[in-house]
Amino acid sequence: MIYWQIFVAFFIPGIVGYGGGPASIPLVENEVVGRFGWMSVNEFSEMLAMANALPGPIATKMAGFIGYEQAGILGAAIGVSATVAPSLFLMIVLLNLLNKFKGSPRVKTMTSLIRPTIGILLGVIAYQFFQTSYSSAGIIHTILLIGLSFVLLEKVKVHPAFVIAGSLAYGALFLGR
C-alpha cells in the first residue's frame, strides 16, 4: 500500500505541476504533509532547503528522499519514476506524433520556425554566461577559458565533460574566493 501511496503522491504533482520542479513543490507539499502526513511543514521545509542545495532537478530529489524515507530504496525508485513518468509519457507521445506527421508542410513550417528561436535563446544564454563570467572572473580569465575551451572542443576533440571539469578545476584553483 505504501508503494502505491508514494506513486500517487508524486505522479499527481508530475501531471498537474506544469512548469517543472518549482511549480510542483506546493503540490508535493500538499500530498506529503497534508494528505499522507509523512512529514510536518517544518520537516518538509528543511528537506526542501537541503534538496535546493544539491545539483539537479528539485522534484526528483524530493521524490527520491521522501520515497526512501518511507519505503527504502524501492520507495525512492517508485517516487522518482512517478515524478518523471508524466513527462516521459508525453515526450514519447508527442515525438511519435511529430514523427508521424514529419512530412506534413505544417510540421515542416513549425520546425523551421522553431530552429531560429532556439538559436536565439542559446545565444542569449551564452551572452548571459559571458556577462556573469566577465563580472566575476574578469576579462582575462574569461577569454582564456573561452579560447581554451574552443580549441579543446573543436580542434582537439576533447569530450565536453572533461572541458567542463577542467574549467571547474581552473576556477577552483585560480578564482576561488
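A. Summary view of the overall build of the protein. A tally of helices and strands in the protein yields seven helices and zero strands. Relative to the 2.2 N^0.38 estimate, which gives 16 Å for 177 residues, the radius of gyration of the protein is 22 Å and therefore markedly larger than a compact globule would have. Principal axes of the C-alpha set define a box for the protein whose edges measure 55 × 55 × 25 Å. In the protein, which comprises 177 residues, the proportion classed as buried is 25%. Expressed as a percentage of contacts within the protein between residues at least 6 apart in sequence, the contacts between residues at least 24 apart total 44%.

B. Main features of the environment of Leu145. Relative to the helices and strands, Leu145 resides in helix α6 (residues 139–155). When the C-alpha positions of Leu145 and Ile125 are compared, they lie 17 Å apart, and in sequence the two are 20 residues distant.

C. Inspection of the nonpolar core at higher detail. Formed by 21 residues in total, the largest nonpolar core has its most connected members in Phe10, Val32, Trp38, Met39, Phe44, Met62 and Ile66. Those elements giving two or more residues to this core turn out to be α1 (2–16), α2 (21–35), α3 (41–53) and α4 (58–100). Looking at this core, the element that brings in the most residues is α4, giving seven residues.

D. Local environment of the packing of aromatic side chains. Considering all chains together, one arrives at five aromatic pairs under this definition. Residues Phe7 and Phe11 carry aromatic rings whose centres are separated by 5.0 Å and whose planes lie at 15 degrees to one another, so their mutual orientation is stacked. Here Phe7 pairs with Phe11, and both are found in helix α1, just four residues apart, close to one helical turn. Assessed through its relative accessible area of 25%, Phe7 is described here as partly exposed.

E. Molecular detail of the packing of α1 against α4. Packing of α1 against α4 brings their axes to within 8 Å, and their N-to-C directions diverge by 40 degrees. Like other packed secondary-structure pairs, α1 and α4 cross with a definite hand, here right-handed.

F. Geometry of the pattern of salt bridges. In the structure shown here, the tally under the stated rule is one salt bridge. Glu31 is the salt-bridge partner of Arg35, the closest N and O atoms lying 3.0 Å from each other. With Arg35 and Glu31 both in helix α2 and four residues apart, this pair spans about one turn of that helix. A residue is classified by how much of its surface remains accessible, and Glu31, at 7% relative accessible area, is buried.

Analysis parameters
Residues numbered from 1 in each chain as written. Predicted model: local features only at pLDDT ≥ 70, side-chain atom pairs only at ≥ 80, totals over all residues. Heavy atoms only, no water. Helix = DSSP H or I, 4+ residues; strand = E, 2+ residues; numbered from the N terminus. Rg over C-alpha atoms; globule rule 2.2 N^0.38 Å. Buried < 20%, exposed > 50% of the residue type's maximum accessible area, 1.4 Å probe, protein only. Contact = heavy atoms within 4.5 Å. Core = buried A, V, L, I, M, F, W, Y, C linked by side-chain atoms within 4.5 Å. Phe/Tyr/Trp six-rings, centres within 6.5 Å; stacked < 30°, edge-to-face > 60°. Axes fitted to C-alpha atoms, helices over the stretch in contact; angles between N-to-C directions. Left-handed = near helix turned anticlockwise from the far one by under 90°. Salt bridge = Lys/Arg side-chain N within 4 Å of Asp/Glu carboxyl O.

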